[in-house]
Amino acid sequence: MKIMNLKLSVFVITAIVINSSALANDQEKLEPWQEAKKSEVWEPVPKVVSAEEGQVPSDAIVLVGKGSQDPWISVKSDTFPWKLENNVLTVTPGTGDIKTKQNFCDVQLHIEWKTPTEVKGMEGQQRNNSGIFFQQRYEIQILDSYNNQTYPNGQAGSVYKQSIPLVNAMRPPGQWQSYDIIFTAPRFEDKELVKPGYITVIHNGVLIQNNVEIQGNTVWIGEPSYKAHGCAPLQLQDHGNLVSFRNVWVRPLGE
Ligand code: MG
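This one's a predicted model, so the numbers in the text were calculated from it and none came from an experiment. Along every chain, residues carry numbers that run from 1 in the direction the sequence is written. Per-residue local features are limited, in this predicted model, to residues with pLDDT of at least 70; the limit for side-chain atom pairs, both in listing and counting, is 80 or more; totals at the level of whole chains, interfaces and linings are taken over all residues. Heavy atoms throughout the structure, all of them, feed into the side-chain values; hydrogens and water do not.

Trainee: Explain the sheet that holds strand β7 (residues 130–134) residue by residue, including any values.
Mentor: At least two DSSP bridges between two strands are needed for those strands to be called paired. The secondary structure listing takes helices from DSSP runs of H or I that are at least 4 residues long and strands from runs of E that are at least 2 residues long, numbered from the N terminus. The strand order across the open sheet formed by five strands is β2-β5-β14-β7-β8, and the pairing between neighbours is antiparallel. Looking at which strands have only one partner, the edges of the open sheet turn out to be β2 (72–74) and β8 (138–142). Both β7 and strand β14 (residues 235–236) contribute to a ladder of two bridges, which runs antiparallel. Across the sheet, the residue bridging to Ile-132 is Leu-236, located in β14.

Put into structure tokens, the structure is as follows:
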């Protein structure tokens, strides 16, 4: 009886071995297109965004330009004190910063800006300064940095007082400039920072900040540090100069 059982076991094991080697042979015989199929991922399917030449992407929120819906308000009051004419927004010096009524988290931002041609007697940080504050805290500097010496971590395209741009891609004053910015907001849990913010800036088509880690709130004096917050408005700075903006749109990213 024991011998019979042993024979049966040998038979079963042999059958399994033969079967699995046949399976392996089958797998080896797959055609290249069948192999290629294994690494295809079919979901999720990206939603369609139309991006016609010279047009704003179909899922963008227009902040300055055709189709914008009164998105700005003063930081200090319930008014809109800046000048908006022919889809060009200009700082009214002395009225203070403006912010979007809407809060944002991670975003892609396109913004075009221009500083005045006349620069006589204006030097360094005083030569037509403004800025974009993401979540009202993290400033990407706007400044006429064309042949204008200042501390590089405060020139145009700097993460102000935190990160020097890779290159200076300024056009002369009086010409329109563009920033394309990808901002990833910092993450907080239980009021503690769990992941810092990151920012990428393309100035006039040239990469100047490459996924740079943001060190905390922008400060003029001292070291930056984080303080927990949620999604918050975009803010434009009134630094007392006639800086203009056009074609400003934002695409919220993520869920
Ligand atoms: Mg500034």
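Still more ground to cover, so stick around.
Trainee: Summarise the coordination of the magnesium ion; cite the residues concerned and give the values.
Mentor: Of the protein atoms, only Asn-129 (OD1), Ser-130 (O), Glu-139 (OE), Gln-141 (OE1) and Gln-237 (OE1) coordinate the magnesium ion, at distances of 2.2 to 2.3 Å. Note on donors: an N, O or S atom is included if it sits within 2.8 Å of the metal, or within 3.2 Å for Na, K and Ca, and water is never included, so sites can look incomplete. We note that the donor set of the magnesium ion lies within a single chain, spaced as N-S-x8-E-x1-Q-x95-Q. On the criterion of sequence distance, the pair formed by Asn-129 in the loop between β6 (107–114) and β7 and Glu-139 in strand β8 is long-range, its members being 10 residues apart. Residue classification places Asn-129 among the buried residues on the basis of a relative accessible area of 2%. Relative accessible area decides the class of each residue, using a 1.4 Å probe on protein chains only: under 20% of the type maximum gives buried, over 50% gives exposed, and in between gives partly exposed.

Trainee: Could you give an account of the side chain of His-110, naming the residues involved and the relevant values?
Mentor: Summarising the element assignment, His-110 is placed in strand β6. N or O atoms within 3.5 Å of each other form a polar contact, as long as, within protein, one can give a hydrogen and the other can take it, and as long as residues adjacent in sequence are counted only when both atoms are side-chain atoms. A polar contact of 2.8 Å, which involves the side chain of His-110, links it to the side chain of Glu-112. Should any heavy atoms of two residues lie within 4.5 Å, those residues are counted as being in contact. What His-110 contacts, discounting residues up to four positions off in sequence, is Ser-178, Tyr-179, Asp-180, Asn-247, Val-248 and Trp-249.

Trainee: Provide a residue-level description of the state of the cysteines, including the pertinent values.
Mentor: When two cysteine sulfur atoms are found within 2.5 Å, that pair is recorded as a disulfide. This structure, assessed with the given rule, holds one disulfide. Note that Cys-105 is cross-linked by a disulfide to Cys-231, the S-S spacing being 1.5 Å. Torsion about the S-S bond of the Cys-105 and Cys-231 cystine: about 55°, corresponding to right-handed handedness. With Cys-105 in the loop between β5 (98–100) and β6 and Cys-231 in the loop between β13 (206–213) and β14, this residue pair connects regions lying 126 residues apart in the sequence. Given a relative accessible area of 31%, Cys-105 falls into the partly exposed group. You can call Cys-231 partly exposed: its relative accessible area is 39%.

Trainee: An account of the confidence of the model for the chain is requested, with residue identities and associated values reported.
Mentor: For every residue, the predictor reports its confidence as pLDDT, a number between 0 and 100. For the chain, per-residue confidence averages 92 on the pLDDT scale, and residues scoring 70 or more make up 89% of the total. In the model, residues 11–15 has pLDDT below 50 throughout and makes zero contacts with residues more than four positions away in sequence or in other chains.

Trainee: Run through the pairing of strand β9 (residues 177–184), naming residues and quoting values.
Mentor: Across seven bridges, β6 lies against β9 in antiparallel orientation. Note on β9: the bridge partner recorded for Ile-111 is Tyr-179. One ladder, built from six bridges, connects β9 with strand β12 (residues 198–203); its direction is antiparallel. Looking across to β12, one finds that Tyr-179 is bridged to His-203.

Trainee: Can you break down the packing of aromatic side chains residue by residue, with the values?
Mentor: Each Phe, Tyr or Trp ring (for Trp, its six-membered ring) is paired with any other whose centre lies within 6.5 Å, and the angle between the two planes then decides the class: stacked below 30 degrees, edge-to-face above 60, tilted in between. Applying the stated rule across the entire model yields seven aromatic pairs. Relative to Phe-183, the ring of Phe-134 lies with its centre 4.9 Å away and its plane at 25°, an arrangement referred to as stacked. Residue Phe-134 is located in strand β7, and its partner Phe-183 is located in strand β9; the two are separated by 49 residues in the primary sequence. For Phe-183, a relative accessible area of 0% gives the class buried.

Trainee: Requested: an account of the environment of Ser-68, with residues and values cited.
Mentor: Relative to the elements of secondary structure, Ser-68 occurs in the loop between β1 (61–64) and β2. Sequence spacing of Ser-68 and Trp-249 is 181 residues, and the spatial spacing of their C-alpha atoms is 8.9 Å. In contact with Ser-68, other than residues within four places in its own chain, are Val-62 and Leu-63.

Trainee: Mind laying out the nonpolar core, listing which residues take part and the relevant values?
Mentor: What tends to happen in soluble globular proteins is that the nonpolar side chains get buried as a cluster. Remark: nonpolar core denotes a set of buried residues (Ala, Val, Leu, Ile, Met, Phe, Trp, Tyr, Cys) joined through side-chain atoms within 4.5 Å. In this structure, Leu-109, Ile-132, Phe-134, Tyr-179, Ile-199 and Phe-245 are the most contacted members of the largest nonpolar core, which totals 38 residues. Of all the elements in the fold, those that place two or more residues in this core are β1, β6, β7, β8, β9, β12, β13 and β15 (244–252). The leading source of residues in this core is β6, at four residues. Those residues in contact with Leu-109, other than ones at most four positions away along the chain, are Leu-63, Ile-132, Phe-134, Tyr-179, Asp-180, Ile-181, Leu-234, Val-248, Trp-249 and Val-250.

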